[in-house]
Amino acid sequence: MLGDTSFGDTVSGDRPDRRALILVENLSVPFDRRVWQECTTLRDAGWTVHVICPRGTKRDTEPEAEIDGVRIHRYPLRAATGGPAGYLREYGSALWHTVRLARKVGPVDVVHACNPPDLLFLPALWLKRRGARFVFDQHDLVPELYLSRFGRGEDLLYRAVCALERRTYRAADVVLATNESYRDVAVRRGGRRPEDVFVVRSAPDIDRFHPVPPEPELKRGKPHLLCYLGVMGPQDGVDYALRALAKLRDELGRTDWHAVFVGGGDTFDAMVELSRRLGLSEQVQFTGRIPDADLVRYLSTADVCLSPDPHNPLNDVSTMNKVLEYMVMGRPIVSFDLREARVSAGDAAVYAPANDEAEFAGLIALLLDDPEQRTRMGKIGQERISGSLSWRNSQASLLAAYAAACRGHAPVSAGDPDRAGKRPRR
């Protein structure tokens, strides 16, 4: 469990010279697992780490907290509704709160901004003028996200998000990419030198995330359990999964399964309604977001896990966290054929042609009928997660990026109030 203390309970012993400030807008911390792993890696390397992020709705609700030595400052934020105007309100509020809280944190050596959106270069530039180095942590390719989510083509707003991405690349001292595809974009489209772009892959925490004995009662009386884990947004393919399950039942005659969909998001209610319209309500269960312990129970019991992200400009080059979490739990995966899905999962998954729901259903049936193949695929996934995709490799890359960003720059003195308003010496 995470040790949660108030800011008044100061951790004994001062941290060494370096101070980092991590900026996040789209998730709270430590709920954002990638950011939390980066925080604890930096902490263990001797950095004093501050985070500015939104408050969560059901967890991470305290305005301020110190958790395992990481100091978190949270602000209230209402998610965007009502089209572009809603996003302007959300992002404007987030930027105002971020600058307000950054003033409170004081001088830092590194400002580490995690997108989306590609607007956090604005407070990062303000901090750079006060001596910080800027690390851009590119979680999403926002231009591809715009094309994939809204389907409006390369319109004026698309050109605007491309311009913001260019400004962010230009302002950063180093860039963190989640995979080689993102790294290629940073070099090719962002004009960054290859030596300034570091691949820091997301990876599950294998100490926290590991299989437990299966619980057959979670299958609701059926021989098999299918599981989906993740966000439910327009580009995440939950609708593809539901239509594939309807085909599994109607066209392949398979009713020997129960399916559970774990997670929440913008389209959660719409997906529950789609399940009802497809006549799947008796066989498909939506849990919403659940505690990690319950998630582990479902994944440990699942026979097959689903990664139904459709082929689009964003998904084809993105690493899906759910795929990695399925792998660490030793579960076989059915996925659409995406470039980075193959890089991550390899032979731990079987791949349907892009967006082909009938083939997706057929592969589910194939795996349900072959327990030996399921076991073999599960072992391959676990070996990949503990080897080439291990967080240990990403830790080394993260620390190398910070070393590169700070090379030749003396530590900022947190105790010198005059330093906050001065440019660093060159």
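Residues numbered from 1 in each chain as written. Predicted model: local features only at pLDDT ≥ 70, side-chain atom pairs only at ≥ 80, totals over all residues. Heavy atoms only, no water.

Some details on the pairing of strand E7 (residues 133-138)
For clarity, the cut-off: Under the scheme applied here, a residue whose accessible area is under 20% of the maximum for its type counts as buried, over 50% as exposed, and between as partly exposed, the area being computed with a 1.4 Å probe on protein chains only. Helix numbers and strand numbers start at the N terminus; a helix is a DSSP run of H or I with at least 4 residues, a strand a run of E with at least 2. Pairs of strands are assigned from DSSP output, requiring at least two bridges between the strands. The handedness rule is simple: strands pointing away from the viewer, and a clockwise path from the first strand over the helix to the second, make the crossover right-handed.
The buried fraction of E7 is high, at six of six residues. The alternating pattern of E7 places Arg 133, Val 135 and Asp 137 on one face and Phe 134, Phe 136 and Gln 138 on the opposite face, and all of these are buried. In this structure, strand E6 (residues 110-114) lies alongside E7, joined through five bridges in parallel fashion. In the strand pairing of E7, Ala 113 is matched with Phe 136. Crossover handedness for the path E6 to helix H3 (residues 121-128) to E7: right-handed.

Re the side chain of Asp 316
Definition in use: Contacts are residue-level and defined by heavy atoms, with any inter-residue pair within 4.5 Å sufficient.
Residue placement: Asp 316 occurs in the loop between strand E13 (304-307) and helix H10 (321-328). Not counting chain neighbours up to four residues away, the residues in contact with Asp 316 comprise His 311, Leu 338, Arg 339 and Glu 340.

Examining the environment of Tyr 240
Relative to the helices and strands, Tyr 240 is located in helix H7 (residues 238-250). Separated by 67 residues in sequence, Tyr 240 and Ser 307 have C-alpha atoms that sit 9.8 Å apart. The contact partners of Tyr 240, leaving out residues within four places of it in the chain, are Pro 308, Pro 310, Phe 336, Asn 355 and Glu 357.

Focus on the pattern of salt bridges
Definition in use: In what follows, salt bridge is the name for a side-chain nitrogen of Lys or Arg lying within 4 Å of a carboxyl oxygen of Asp or Glu.
In this structure the tally under the stated criterion is 35 salt bridges. Put simply, Arg 34 and Glu 38 hold a salt bridge, and the shortest N to O gap is 3.5 Å. Taken together, the residues Arg 34 and Glu 38, both in helix H1 (residues 33-44) and four residues apart, mark about one turn of the helix. The partner of Glu 215 in a salt bridge is Arg 297, and the shortest N-O contact between them spans 2.8 Å. In this pair, Glu 215 sits in the loop between strand E9 (197-199) and strand E10 (224-229) while Arg 297 sits in helix H9 (residues 292-301), placing the two residues 82 residues apart along the sequence. Here the salt bridges share partners, and the residues they tie into one network are Arg 59, Asp 60, Glu 62 and Arg 74.

Thoughts on H9
It helps to recall that an α-helix has 3.6 residues per turn; residues three or four apart then point in one direction. Turning to H9, its buried residues are Leu 295, Val 296, Tyr 298, Leu 299, Ser 300 and Thr 301. Taken together, the buried residues of H9 touch H1, E10, strand E11 (257-262), strand E12 (284-288), E13 and H10.

Looking at the sheet that holds strand E14 (residues 333-336)
In plain terms, the rule: Think of each axis as a best-fit line through the C-alpha atoms, taken over the contacting stretch in the case of a helix, with angles from 0 to 180 degrees between the N-to-C directions.
Taken in spatial order, the six strands line up as E12-E11-E10-E13-E14-E15 in an open sheet, and their pairing is parallel. Of all the strands in the sheet, just E12 and strand E15 (349-352) have a single pairing partner and so form its edges. Ignoring which end each strand starts from, the neighbouring axes of this sheet average 25 degrees apart. Alignment of E10 against E13, held across two bridges, turns out to be parallel. Bridged to Cys 227 within E13 is Cys 305.

Focus on the packing of aromatic side chains
Definition in use: Note on ring pairs: Phe, Tyr and Trp rings are taken, using the six-membered ring of Trp, and paired if centres are within 6.5 Å. Classes follow the plane angle, with under 30 degrees stacked, over 60 edge-to-face and the rest tilted. In this analysis the charged atom, NZ for Lys or CZ for Arg, is taken to sit over a ring once it is within 6 Å of the ring centre and within 35 degrees of the ring normal.
Following the criterion strictly, the structure yields nine aromatic pairs and no others. Between the aromatic rings of Phe 136 and Tyr 169, the centroid separation amounts to 5.8 Å while the plane-to-plane angle is 75 degrees, which identifies the pairing as edge-to-face. With a gap of 33 residues between them, Phe 136 in strand E7 and Tyr 169 in helix H5 (residues 156-171) connect regions that are remote in the sequence. Neither Phe 136 nor Tyr 169 differs from the other in exposure class; each is buried. Between Tyr 146 and Tyr 158, the aromatic rings sit 6.4 Å apart at their centres with planes inclined by 40 degrees, giving tilted as the arrangement. With Tyr 146 in helix H4 (residues 142-150) and Tyr 158 in helix H5, the pair connects residues that are 12 residues apart, well separated along the chain. Residue class for Tyr 158 comes out buried when judged on its relative accessible area of 13%. Each member of the aromatic cluster is reached from another via a ring pair, and the members are Tyr 228, Phe 261, Phe 268 and Phe 286. The ring of Tyr 240 carries the charged tip of Arg 243 above its face, separated from the ring centre by 5.0 Å.

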